[in-house]
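# Notes for the structure review
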Amino acid sequence: MYRIALLTLSFLIVNAVTANSPDDKKSIERAVLDYIESQHQVKPKLMGRGLDKKLVKRTYWKTKDGSEFIMETDYETMLWIAENYNKDGDKFPPSPRIDIDILDIDNRAASVKLSVDEWIDYMHLYKNDRDEWKIINVLWQYHDNNRHVSKK
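Residues numbered from 1 in each chain as written. Predicted model: local features only at pLDDT ≥ 70, side-chain atom pairs only at ≥ 80, totals over all residues. Heavy atoms only, no water.

## Examining a nonpolar patch on the surface
- A grouping of Leu 103, Tyr 122 and Leu 139 is seen on the molecular surface, where their side chains present a nonpolar patch of about 290 Å² in accessible area.
- Relative to the helices and strands, Leu 103 is located in strand E3 (residues 98–106). (Patch = residues over 30% accessible without salt bridge, like charges linked within 9 Å, V, L, I, M, F, W, Y side chains within 5 Å. Areas by Shrake-Rupley, 256 points an atom, 1.4 Å probe, with all protein chains shown as cover. Salt bridge = Lys/Arg side-chain N within 4 Å of Asp/Glu carboxyl O. Helix = DSSP H or I, 4+ residues; strand = E, 2+ residues; numbered from the N terminus.)

Written as structure tokens, this is what we have:
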């Protein structure tokens, strides 16, 4: 039994070193930066580079009458957002806040918290067979919960 525990511990240590390599961390940060910088700089190609084509981004939202629902955004919409959201350069402060906190990396899966000026994104990324880290899921919210309401 002792030998099995040592082998398991050795396996976990080797995998932890591999999974948390500096290259993986840099690649994860790059995917997250592609996501947010594409919105700051109006560069949809950056957004496309950081996202998986099956991305789903979700938040809770309320209609004007107060009914809550889950609002979903897909890959194509995120490309549109990167191209259009900040076209006039007025959606972000001159020096926007970007805090990336890699919460966990396990082999080919990672969880990240991105905090920016107006909102936070909790992201799931995976490493594809080309060794690229891609954002596949995002759950976001404004810091001000009252902003999660439709105006129409």
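From this point on, the discussion continues.
## Quick word on the nonpolar core
- Of all hydrophobic cores here, the largest spans 29 residues; its most connected members are Tyr 35, Leu 51, Met 123, Leu 125 and Ile 135.
- Residue assignment for this core shows that the elements contributing at least two residues are helix H2 (22–41), strand E1 (51–62), helix H4 (75–84), strand E4 (109–116), strand E5 (119–127) and strand E6 (133–142).
- Ranked by residues supplied to this core, first place goes to H2 with six residues.
- In this view, Met 123 contacts Val 32, Tyr 35, Ala 110, Ser 111, Val 112, Leu 114, Ile 135, Asn 137 and Val 138; residues no more than four positions away in its chain are not counted. (Core = buried A, V, L, I, M, F, W, Y, C linked by side-chain atoms within 4.5 Å. Buried < 20%, exposed > 50% of the residue type's maximum accessible area, 1.4 Å probe, protein only. Contact = heavy atoms within 4.5 Å.)

## Points about the confidence of the model for the protein chain
- Of all residues in the protein chain, 87% have pLDDT values of 70 or greater, and the mean over the chain is 89.
- Across residues 1–19 the pLDDT falls below 50, and counting only partners more than four positions away or on other chains, this stretch makes five contacts in the model. (pLDDT = per-residue confidence, 0-100.)

## What to know about H4
- Restricting attention to buried positions, one finds in H4 the residues Tyr 75, Met 78, Leu 79, Ile 81 and Ala 82. Projected onto a plane normal to the axis of H4, the buried residues spread over an arc of 160° and lie on a single side. Residues Glu 76 and Trp 80 are exposed on H4 and point more than 90 degrees away from its buried face.
- Here the buried face of H4 lies against H2, helix H3 (44–50), E1 and strand E2 (68–74). (Arc of directions from axis to C-beta.)

## Details of the side chain of Thr 73
- Examined against the element boundaries, Thr 73 turns out to sit in strand E2.
- Assessed through its relative accessible area of 15%, Thr 73 is described here as buried.
- What Thr 73 contacts, discounting residues up to four positions off in sequence, is Leu 55, Val 56, Lys 57, Met 78 and Ile 81.

## Looking at unusual backbone geometry
- Residue Val 42 is not a glycine yet carries a positive backbone phi of 55°.
- Positive phi outside glycine occurs at Asn 107, with the angle close to 60°.
- Structurally, Asn 107 is set in the loop between E3 and E4.
- On the basis of relative accessibility, which here comes to 54%, the residue Asn 107 falls in the exposed class.

## What about the packing of aromatic side chains?
- Scanning the model with the defined rule gives five aromatic pairs in all.
- When the centroid spacing of 5.9 Å and the interplanar angle of 75° are considered together, the rings of Tyr 85 and Phe 92 count as edge-to-face.
- Ring plane angle 80° and centroid distance 4.9 Å describe the contact between Trp 140 and Tyr 142, whose orientation is recorded as edge-to-face.
- Judged by its relative accessible area of 11%, Trp 140 falls in the buried class.
- On the basis of relative accessibility, which here comes to 14%, the residue Tyr 142 falls in the buried class.
- Aromatic rings pair up to connect Trp 61, Trp 140 and Tyr 142 into one cluster.
- One cation-aromatic arrangement involves Lys 91 over Tyr 85; the distance from NZ or CZ to the ring centre is 5.5 Å.
- Against the face of Tyr 142 rests Arg 147, its NZ or CZ located 4.0 Å from the ring centre. (Phe/Tyr/Trp six-rings, centres within 6.5 Å; stacked < 30°, edge-to-face > 60°. Lys NZ or Arg CZ within 6 Å of the ring centre and 35° of its normal.)

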